[in-house]
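# Understanding the architecture of this molecule
Below are the chains, spelled out letter by letter.
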Amino acid sequence: MDRPIAERPGHIHLLHAQATESNPFSRPTTPGQQALQIGFCGLGAMGYPMARNLAKWRIDHIPGFLPIYVWNRTAVKADALLKELGDDAIMVADSLEQLATECDIVFTNLAEDDVVKSVYQTFAKALDASKPTKNKIFVETSTIYPTLAAELDTLLSNIPHTHFVTSPVFGPPAVAATSQLLIVMSGDYRSKKEVAHLLIPAVGRKALDLGGNIEKAPTFKLIGNSLILGSLELLAEVFTLSEKAGIGAGLVQQFIKDIMPAPPLISYGEKMVHDQFDGSKGFAIDGGLKDSTHIRKLATELDSPMPALDAAHQHMLTARAIYANQARRGHTHFEVLDWSSLVAGTRVAAGLDGFDSSKHSGKVVPETD
């Protein structure tokens, strides 16, 4: 059962900033962000730039703000952020328990559902031992299965003054680095309002409110990722067909730029055309397989077939298996494989080389005078 959600205030004071197109929430009724102690858990490919941008924005815009506590499983990431921004902006937390007990708002960005659950169990145990005397908000920004969000909400709901918000983000690390993420939120209304004004524009360009049901934002995140992954599958199939037909993927990529210049199609198309499958600069294929597994589970539970997603999942598995075999022979170019490499699955199925498009023959060469 959903946790009771605070009602939306019936009016907004004229002195309060009104909601905008990028932020659907009016500014919180009690100003004073400088007094908030913020924590950030998880400094991976997405978490690091999010935490960095949040700290940098507060340095520039919030006089007298408190440095942000950060924690990462491997301390080197936290130490690197401290070195980059200095101790005026960053403090490295000694433990998850310190984040839970000393911070007013804690953001988490983690790779796996099991890790997310373990971290929140640690938070809850720490708060059970040291009951909060003022409001705390925990904000989960990872891609998790919706029912896990409900479990976490239940876990925290018995702790006094403790609130939970799901707030997954859309955009690869390069977009996170420029504070242009799209942020989706669900949960307690007043908590979302507080969090939205911390994240926009410091971390993201726009927030979408999915209401009080804590599971809706994670569900929307899976639906959005299914659209991206389905687009990758379509790109892979079309590029592979163009190579087999003697046209070449490069000409089709130019067609996409001319006819349907959506940023994801262009950026992922460039990766496929030029075999740029470095997952450390994009989205790792292991994360893509985790997401596709979640999406397929959701689709099965709701009796909603998604054949394109099924194909994308299989092609990612194929790409990862081929690359793992190459790694065993020492023939790999990337430490982490990007999920756009699923094109290797469609290529191999069509009898082409999976990772080296220069070996594909018969491409059109434009004539010149």
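Definitions and limits used
- Residues numbered from 1 in each chain as written.
- Predicted model: local features only at pLDDT ≥ 70, side-chain atom pairs only at ≥ 80, totals over all residues.
- Heavy atoms only, no water.
- Axes fitted to C-alpha atoms, helices over the stretch in contact; angles between N-to-C directions.
- Helix = DSSP H or I, 4+ residues; strand = E, 2+ residues; numbered from the N terminus.
- Parallel < 35°, antiparallel > 145°, perpendicular 65-115°, else oblique.
- Contact = heavy atoms within 4.5 Å.
- Nonpolar A, V, L, I, M, F, W, Y, C, P; charged D, E, K, R; others polar.
- Core = buried A, V, L, I, M, F, W, Y, C linked by side-chain atoms within 4.5 Å.
- Buried < 20%, exposed > 50% of the residue type's maximum accessible area, 1.4 Å probe, protein only.
- Pairing = 2+ DSSP bridges.
- Right-handed = clockwise from strand over helix to strand, strands pointing away.
- Salt bridge = Lys/Arg side-chain N within 4 Å of Asp/Glu carboxyl O.
- pLDDT = per-residue confidence, 0-100.
- Phe/Tyr/Trp six-rings, centres within 6.5 Å; stacked < 30°, edge-to-face > 60°.
- Lys NZ or Arg CZ within 6 Å of the ring centre and 35° of its normal.

## Section: the packing of helix 9 (residues 249-259) against helix 10 (residues 263-273)
Running from N to C, helix 9 and helix 10 cross one another at 170°; their axes reach a closest spacing of 10 Å. Judged by the angle between their axes, helix 9 and helix 10 are roughly antiparallel. In contact with Ala249, Gly250, Gln253, Ile256 and Lys257 of helix 9, helix 10 contributes Leu265, Ile266, Gly269, Glu270 and Val273. Across the contact of helix 9 with helix 10, the residue classes break down as 5 nonpolar, 3 polar and 2 charged.

## Points about the environment of glycine 171
Along the chain, glycine 171 falls in the loop between strand 7 (169-170) and helix 6 (173-177). If we skip the residues at most four places from it in the chain, glycine 171 touches Met46 and Leu181.

## Thoughts on the nonpolar core
Core analysis: the biggest nonpolar cluster contains 36 residues, and Phe40, Leu43, Ile68, Val70, Phe107 and Met185 have the highest contact counts within it. Those elements that place two or more of their residues in this core are strand 1 (38-41), helix 1 (47-61), strand 2 (68-71), helix 2 (75-85), strand 4 (105-108), strand 5 (136-140), strand 8 (181-187) and helix 7 (189-199). Apart from residues lying up to four places away in sequence, phenylalanine 40 is in contact with Gly47, Met50, Ala51, Ile68, Tyr69, Val70, Trp71, Leu99, Phe107 and Asn109.

## Section: the pairing of strand 5
Burial runs high along strand 5: 5 of the 5 residues are buried. Alternating positions in strand 5 separate into two faces, Lys136, Phe138 and Glu140 on one and Ile137 and Val139 on the other, with burial throughout. Note that strand 4 and strand 5 share 4 bridges and pair parallel. From the neighbouring strand, valine 106 faces strand 5, where its bridge partner is phenylalanine 138. Assessed by its sense of winding, the connection that carries the chain from strand 4 through helix 4 (residues 113-129) to strand 5 is right-handed.

## Brief notes about the pattern of salt bridges
Per the stated rule, a full pass over the model turns up 10 salt bridges. Close ionic contact of aspartate 209 with lysine 192 constitutes a salt bridge, the shortest N to O distance being 2.6 Å. Of this pair, aspartate 209 sits in strand 9 (residues 204-209) while lysine 192 sits in helix 7, and the two are 17 residues apart along the sequence. Classification of lysine 192 by relative accessible area gives buried; the value is 1%.

## Comments concerning the confidence of the model for the chain
Scored by pLDDT, the chain comes out at a mean of 91, with 92% of its residues at no less than 70. Across residues 1-18, where pLDDT falls below 50, the model places 28 contacts with residues more than four positions away in sequence or in other chains.

## Description of unusual backbone geometry
Here isoleucine 200 and proline 201 are connected by a cis peptide whose omega angle stands at 5°. Position of proline 201 among the secondary structure elements: in the loop between helix 7 and strand 9. A positive phi angle, near 55°, is found at aspartate 275, a position not held by glycine. Relative to the helices and strands, aspartate 275 is located in the loop between helix 10 and helix 11 (285-301). Of the residues examined, aspartate 275 reaches a relative accessible area of 14% and is grouped as buried. One non-glycine residue with positive phi stands out, namely aspartate 303, at about 50°.

## Concerning the environment of glutamate 194
For glutamate 194, the position within the fold is in helix 7. Sequence spacing of glutamate 194 and arginine 27 is 167 residues, and the spatial spacing of their C-alpha atoms is 7.6 Å.

## Regarding the packing of aromatic side chains
In the structure shown here, the tally under the stated rule is 11 aromatic pairs. Taking 5.2 Å as the distance between ring centres and 35° as the angle between the ring planes, the aromatic pair formed by phenylalanine 123 and phenylalanine 138 counts as tilted. With phenylalanine 123 in helix 4 and phenylalanine 138 in strand 5, this pair connects stretches of sequence that are 15 residues apart. Each member of the pair, phenylalanine 123 as well as phenylalanine 138, carries the same accessibility label: buried. A cation over an aromatic ring shows up here: lysine 297 above the ring of tyrosine 145, its NZ or CZ 4.3 Å from the ring centre.

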